[in-house]
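Read off the chains here:
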Amino acid sequence: MLKNVLIFFVMIMLLPRPAFAMHIMEGFLPLKWCIAWYLLALPFIIVGLFSIQKLIKTKPRLKMLLGFAGAFAFVLSALKLPSVTGSCSHPTGVGLGAILFGPWVMSVVGTIVLLFQALLLAHGGITTLGANAFSMAVVGPLISYCVYRVAKRLGGPQWLAVFLAAALGDLLTYVTTSLQLALAFPANPGGFVISFVKFMGIFAVTQLPLAVSEGLLTVITLNLLSSYNEDMLTELSVVLKEVSYER
Amino acid sequence: MKDKSFMLKNLMLALLVVLIVVIPLFIAKDAEFGGADGQAEEIISQLDSNYQPWFKPLWEPPSGEIESLLFALQAAAGAGFIGYYIGYYIGQARVRKNANR
């Protein structure tokens, strides 16, 4: 009896269970793609490490703010939210840090969040860490940073620049995930494009309302930061004098 | 501290987020609200029925409860730091204001 129960439990433990995550699941990317995405993500992470080192050396006061950006990504990526498609996904939270510190720093912070989730939550994975880091820690922050800069240069209001930066960074993260899966699993017949559309239908559509949520949350957070912590943001040259909803 | 309309605007934005989260629950009433990745797995098996995951997570939370514990810890740690940080600077700004008076 006891032996049977034991065998039963061991069986359950050994059965491959779907690890629910919004990142690419452990083992679900062929080896060559795992390596390729690792190689592509690595340079960004190395540059990120250097820029963090430089930041801490030249502006030690900003260490806490860097921790804040990390904490924000930590919280947001822990929140699995329902979406209109009837499935759940979570925001990334890396847009805020990208606006504050630029994209490089966030490639390190985002990878740390992913590593935590891969090791402790079976969410994402070690083999797919490169691919997930590339989408969430490289593409997301890069898009956020660029959108923010362009929106500011075009003279858009502060809140809109922040909102668009965070929302688009979030959305494009999951578009990248779809792209990565489509590249690894081209449909037969139909090829890459068909697969891309299919994965986009899951990840990107689910992500749309969440991207809006992330945009709004980032606006609120930057509002709070800029009203109480203005001198630090000025030091970062984000230069949020006063949060202007109207121009 | 800041004027009332500032806090009001932030509050409205927060309310909007709550709405965006709650509305899907009513729109997609009968949905399972599983992870988007679960669906991705289905599509992968459609596209390539021979594909087998070649690596398993090194460690998995033994149950949904343990998993939600870890997610809650992740969110709590982050939120705790955020609260500390903002609270610290609100306090500092207040002290500065009182000193200037």
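Procedures and definitions
Residues numbered from 1 in each chain as written. Chains lettered and ligands numbered in written order. Predicted model: local features only at pLDDT ≥ 70, side-chain atom pairs only at ≥ 80, totals over all residues. Heavy atoms only, no water. Axes fitted to C-alpha atoms, helices over the stretch in contact; angles between N-to-C directions. Helix = DSSP H or I, 4+ residues; strand = E, 2+ residues; numbered from the N terminus. Parallel < 35°, antiparallel > 145°, perpendicular 65-115°, else oblique. Left-handed = near helix turned anticlockwise from the far one by under 90°. Contact = heavy atoms within 4.5 Å. pLDDT = per-residue confidence, 0-100. Salt bridge = Lys/Arg side-chain N within 4 Å of Asp/Glu carboxyl O. Buried < 20%, exposed > 50% of the residue type's maximum accessible area, 1.4 Å probe, protein only.

Draft legend 1. Summary view of the packing of helix H3 (residues 63–76) of chain A against helix H8 (residues 191–228) of chain A. All names here are of chain A. Across the interface, H3 lies against H8 with an axial gap of 12 Å and an inter-helix angle of 155°. Relative to H8, the element H3 is oriented roughly antiparallel. The hand of the H3/H8 crossing is right-handed. Each of Leu65, Phe68, Phe72 and Leu76 in H3 lies in contact with H8, whose residues at this interface are Glu214, Leu217, Thr218, Thr221 and Leu225.

Draft legend 2. Seen up close, the environment of Leu179(A). Residues and elements named next belong to chain A. Its location among the elements puts leucine 179 in helix H7 (residues 158–184). Counting along the chain gives 16 residues from leucine 179 to serine 195, while the straight-line C-alpha distance between them is 8.6 Å. If we skip the residues at most four places from it in the chain, leucine 179 touches Phe192 and Phe196.

Draft legend 3. Structural view of the confidence of the model for chain B. Residue and element names in this part refer to chain B. Across chain B, pLDDT averages 87, with 97% of residues at or above 70. Mean pLDDT values over the elements of chain B span from 82, in helix H2 (residues 36–47), up to 91, in helix H1 (residues 4–27). Our summary of model confidence lists the complex with pTM equal to 0.87 and ipTM equal to 0.90.

Draft legend 4. Main features of the pattern of salt bridges. Per the counting criterion, the structure on display carries one salt bridge over all chains. For Lys80(A), the salt bridge identified is with Glu67(B), shortest N-O distance 3.8 Å. Residue Lys80(A) is located in the loop between H3 and strand S1 (81–82), and its partner Glu67(B) is located in helix H3 (residues 64–100); the two belong to separate chains. According to the relative accessible area criterion, Lys80(A) is partly exposed, its value standing at 31%.

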